[in-house]
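# Topology and contacts: notes
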Amino acid sequence: MNQISVGGTGSAAAPPDVAIIDVGVDVVARSVAEARSVAATDSAQVLEALRSHGVASLDLVTTAMSIRPEYDHREGRRLRGYCVANSVEAKVRDMEAVGKAIDAVAAVGDSIVINGIRFTHSDPAVLEKRAREAAWEQASRKATELAALSGVTLGPVIAIAEHSHGGPPTPVRAMAREAAGVVTPIAGGKLAVSVTIDVQFSI
């Protein structure tokens, strides 16, 4: 079958509307019981701080929990205590509250560890749809132009293959500021999605 094969690429971008914060506690104490007690108290305060800034309970997920011995290797191998670590992933859906949520978590105490923050979109299908439409328009226009240049009539589509790619903006490290009245600035950038299609038209 005679055919025309063309490709089209479309993209769409929008500011992210969800920030995912990876936060936890890291406590070292002389005994497991003591480390667990402090970690449990601090973890509860972290969750409360996040909830107080609009993070729903369903958007809080424990991602890691560990208990391990801590050794001092400066003079041989001496046990100096036990470390209890607990990590939580929090989805903040109010972008205006992200910096304040980070500051509230950091204020819990010295055991707090903020590993990083990444951004996403609550409905990436919307961006994909826009990118797909743009890719189709480009491919269709190319096929029409090629058919006209070659003096043939463009027929129905025989096959379509799609290739999508994209993702969240480059992760941003977030460090809380201690100065009173200063909120940690957060820059979310834009979430971009690109769709490439290969289309075959009969002629």
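Residues numbered from 1 in each chain as written. Predicted model: local features only at pLDDT ≥ 70, side-chain atom pairs only at ≥ 80, totals over all residues. Heavy atoms only, no water.

## With respect to the sheet that holds strand E5 (residues 112–120)
Basically, it comes down to this: Criterion used throughout: strands pair if DSSP finds at least two bridges between them. Per the convention used, a helix needs a DSSP run of H or I reaching at least four residues, while a strand needs a run of E reaching at least two, with both numbered from the N terminus. Every angle, taken between N-to-C directions, lies between 0 and 180 degrees, and every axis is a line fitted to C-alpha atoms, over only the stretch in contact when it is a helix. For this analysis, residues touch if any pair of their heavy atoms sits within 4.5 Å.
One open sheet accounts for four strands, arranged E3-E4-E2-E5; its pairing is antiparallel. At either margin of the open sheet sits one strand with a lone partner, and together these are strand E3 (60–72) and E5. Strand-to-strand twist of the sheet, defined as the mean angle between neighbouring strand axes without regard to direction, takes the value 15°. By the bridge criterion, 12 bridges tie E3 to strand E4 (residues 78–92) in an arrangement that is antiparallel. Each bridged residue has a counterpart across the sheet, and for Met 65 the counterpart in E4 is Asn 86. Its contacts with the sheet place helix H1 (residues 32–51) against strand E2 (18–29), E3, E4 and E5, and it is angled at close to 155° to E2. The strands touched by helix H2 (residues 98–106) within the sheet are E2, E4 and E5, with E5 carrying the most contacts at an inclination of about 165°.

## Some points on H2
We count it as follows: Note on classification: 1.4 Å probe, protein chains only; a residue is buried when its accessible area is under 20% of the maximum for its type, exposed when over 50%, partly exposed between these limits.
When we look at burial in H2, the residues that qualify are Val 98, Gly 99, Ala 101, Ile 102, Asp 103 and Val 105. Looking at the buried residues of H2, the elements they touch are E2, H1, E4 and E5.

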